[in-house]
Amino acid sequence: MTHPLDDLLARVPFAVLDGALASELENRGCDLNDALWSARVLAEQPTLIAQVHRDYFDAGADIGISASYQASLAGYAQAGIDAERARQLIAESATLLNQARQDYLAAHPDHTLPMLVAGSVGPYGAWLADGSEYVGNYTHDERTLKDFHRPRIAALLEEGVDILACETIPMLAEAQALTHLLEEEFPEATAWIAFSVRDDAHIADGTPIEECTVWLSQHPQIKAIGLNCTGMQHVEGMVKRLAAATTLPIVIYPNAGEHYDPTDKRWYPCETAQSLGSHASLVQRWYDAGARIIGGCCRTTPDDTRTVAKVRQALLGTEA
């Protein structure tokens with residue numbers, strides 16, 4: 001049976017991934033200055049999350065990512081939420097995204113391309129809420145990492161996601177732990193691995209991207225490899241390195257061009273990134289370099305998704 005991602009990519013130049021969730025929630029009035037980040041909104045205002053998902057699908061996204069990046073048993077426990085309720089909230093993140101897809105398809109019966117629901121699996125460092133996911137300076141113990149990720153993965157898969165989005169992963173050891181966990185306990189599941197990176201050649205912990213890519217490419221449950229939550233200035237060079245090292249689809253969803261300071265939890269202008277142009281203006285270059293799943297991360301909006309979709313439509317018109 002063909003995986004829906006393979007089916008989608010066989011029919012389009014590249015798949016359109018959605019954009020930021022947390023910063024879009026902030027745009028709509030949510031205060032996310034909290035260790036739970038968007039996972040707090042999942043508990044308090046789920047209908048708002050559903051609306052953001054629907055807006056991204058309306059903007060042209062083929063793939064939506066659930067609001068489970070910061071949702072973990074450990075994080076919820078620290079906030080006084082018990083394990084059973086935490087599991088329910090993680091599952092609800094997939095339910096909300098599935099419902100948004102169903103609502104979109106009901107409103108657009110002529111839509112023929114596959115639409116995917118991706119379950120977000122944020123790194124261990126995310127629940128620490130100290131910026132560790134951009135450095136990778138936490139435990140490499142595989143058992144600890146598996147124990148942390150297992151409940152969320154199980155909840156997302158039980159709720160029916162098409163693929164797991166293992167994202168903002170800062171170190172190869174965590175990508176390996178996730179891959180081994182899938183192979184040992186969730187053999188029917190598939191995932192992509194998107195790293196946080198320090199430049200256009202190394203992931204956040206300093207490992208060369210080629211080393212990560214060669215290892216991951218040997219494991220059939222990994223359906224795509226790439227990067228997210230990084231500056232636009234690192235994308236094109238990284239994509240070229242990935243394309244030279246693997247035949248797997250390359251997934252990219254960079255930030256909108258600003259720099260995040262995890263100490264004060266604020267965004268600041270990044271002249272290097274912004275000198276390249278807008279996020280949307282770079283899509284063609286990223287596609288030409290080899291990217292096959294393109295979206296946005298922090299500070300991108302449905303308007304950015306709409307522009308990415310227009311670039312693809314222009315390619316389809318050219319290729320038709």
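In case you missed it, the structure is sitting above this.
Residues numbered from 1 in each chain as written. Predicted model: local features only at pLDDT ≥ 70, side-chain atom pairs only at ≥ 80, totals over all residues. Heavy atoms only, no water.

Enquirer: Hey, could you run me through the overall build of the protein chain in this one?
Expert: The secondary structure content of the protein chain amounts to 14 helices and ten strands. Here the C-alpha atoms of the protein chain give a radius of gyration of 18 Å, agreeing with the 20 Å that 2.2 N^0.38 yields for 320 residues. With the C-alpha coordinates of the protein chain rotated into their principal frame, the extents come out at 55 × 45 × 45 Å. Taken over 320 residues, the protein chain has a buried fraction of 57%. Of the contacts made within the protein chain by residues no fewer than 6 positions apart, 78% connect residues no fewer than 24 positions apart. Accessible surface, the protein chain as shown: approximately 12700 Å² in total, 47% of it carbon and sulfur. Charged side chains of the protein chain number 23 positive and 44 negative; the gap between the two group centres comes to 2 Å. (Helix = DSSP H or I, 4+ residues; strand = E, 2+ residues; numbered from the N terminus. Rg over C-alpha atoms; globule rule 2.2 N^0.38 Å. Buried < 20%, exposed > 50% of the residue type's maximum accessible area, 1.4 Å probe, protein only. Contact = heavy atoms within 4.5 Å. Areas by Shrake-Rupley, 256 points an atom, 1.4 Å probe, with all protein chains shown as cover. Lys, Arg positive; Asp, Glu negative; His and termini not counted. Charge placed at Lys NZ, Arg CZ, Asp CG, Glu CD.)

Enquirer: I'm lost on the sheet that holds strand β7 (residues 250-253) in this one. Help?
Expert: Sheet strands line up and pair through hydrogen bonds in the backbone, either parallel or antiparallel. Strand order in the open sheet formed by eight strands is β1-β10-β7-β6-β5-β4-β3-β2, with parallel pairing between adjacent strands. Each edge of the open sheet is held by one strand with a lone partner, namely β1 (15-16) and β2 (63-65). By the bridge criterion, five bridges tie strand β5 (residues 191-195) to strand β6 (residues 222-228) in an arrangement that is parallel. In the strand pairing of β6, W192 is matched with A224. In the packing of helix α8 (residues 142-158) onto the sheet, contacts are made with β3 (116-121) and β4 (163-169), and the angle to β3 comes to roughly 165°. (Pairing = 2+ DSSP bridges. Axes fitted to C-alpha atoms, helices over the stretch in contact; angles between N-to-C directions.)

Enquirer: So what exactly am I meant to see when it comes to helix α10 (residues 209-216) here?
Expert: Since the α-helix advances by 3.6 residues per turn, residues separated by three or four positions end up pointing in the same direction. Taken residue by residue, α10 has I209, C212, T213, W215 and L216 as its buried positions. Viewed end-on, α10 has its buried residues packed into an arc of 165°, placing them on one side of the element. Buried-residue contacts for α10 involve α9 (172-185), β5, β6 and α11 (235-245). (Arc of directions from axis to C-beta.)

Enquirer: Would you take a moment to explain unusual backbone geometry for this structure?
Expert: A negative phi angle is the norm for most residues apart from glycine, just as the trans form is the norm for most peptide bonds. Positioned with a positive phi, A129 is a non-glycine residue whose angle comes to about 55°. Within the secondary structure layout, A129 lies in the loop between α7 (124-128) and α8. Residue classification places A129 among the partly exposed positions, given a relative accessible area of 25%. A positive phi angle is found at R299, which is not glycine, with a value near 75°. Take R299: it is sitting in the loop between β10 (293-294) and α14 (302-319).

Enquirer: Honestly, the packing of α9 against α10 in this entry has me stumped. Any pointers?
Expert: If you want to describe how two helices pack, look at the angle between their axes and the distance between the axes. For the pair α9 and α10, interaxial distance at closest approach is 11 Å and the crossing angle is 10°. Of the possible angle classes, the one that applies to α9 and α10 is roughly parallel. Contact residues: L172, A175, Q176, T179 and H180 in α9; E211, C212, W215 and L216 in α10. Considering only residue class, the contact of α9 with α10 consists of five nonpolar, three polar and one charged. (Parallel < 35°, antiparallel > 145°, perpendicular 65-115°, else oblique. Nonpolar A, V, L, I, M, F, W, Y, C, P; charged D, E, K, R; others polar.)

Enquirer: Looking at this structure, how should I read the nonpolar core?
Expert: Soluble, globular proteins show a tendency: their nonpolar side chains are buried together. Residues F14, L25, L164, F195, I252, W286 and I294 are the most contacted members of the largest nonpolar core, which totals 77 residues. When residues in this core are grouped by element, the largest group, eight residues, is from helix α6 (residues 83-107). Sequence-distant contacts of F195, defined by excluding residues within four places in its chain, comprise T168, I169, M171, A175, I203, I209, C212, L216, I225, G226, L227 and N228. Among the nonpolar cores identified, the runner-up in size contains 21 residues, and A15, A165, C229 and I293 belong to it. (Core = buried A, V, L, I, M, F, W, Y, C linked by side-chain atoms within 4.5 Å.)

Enquirer: Explanation requested: the side chain of H234 in the structure shown.
Expert: Along the chain, H234 falls in the loop between β6 and α11. By relative accessible area, H234 is classed as buried at 17%. The contacts of H234, once residues within four sequence positions are left out, are V197, R198, D199 and D200.

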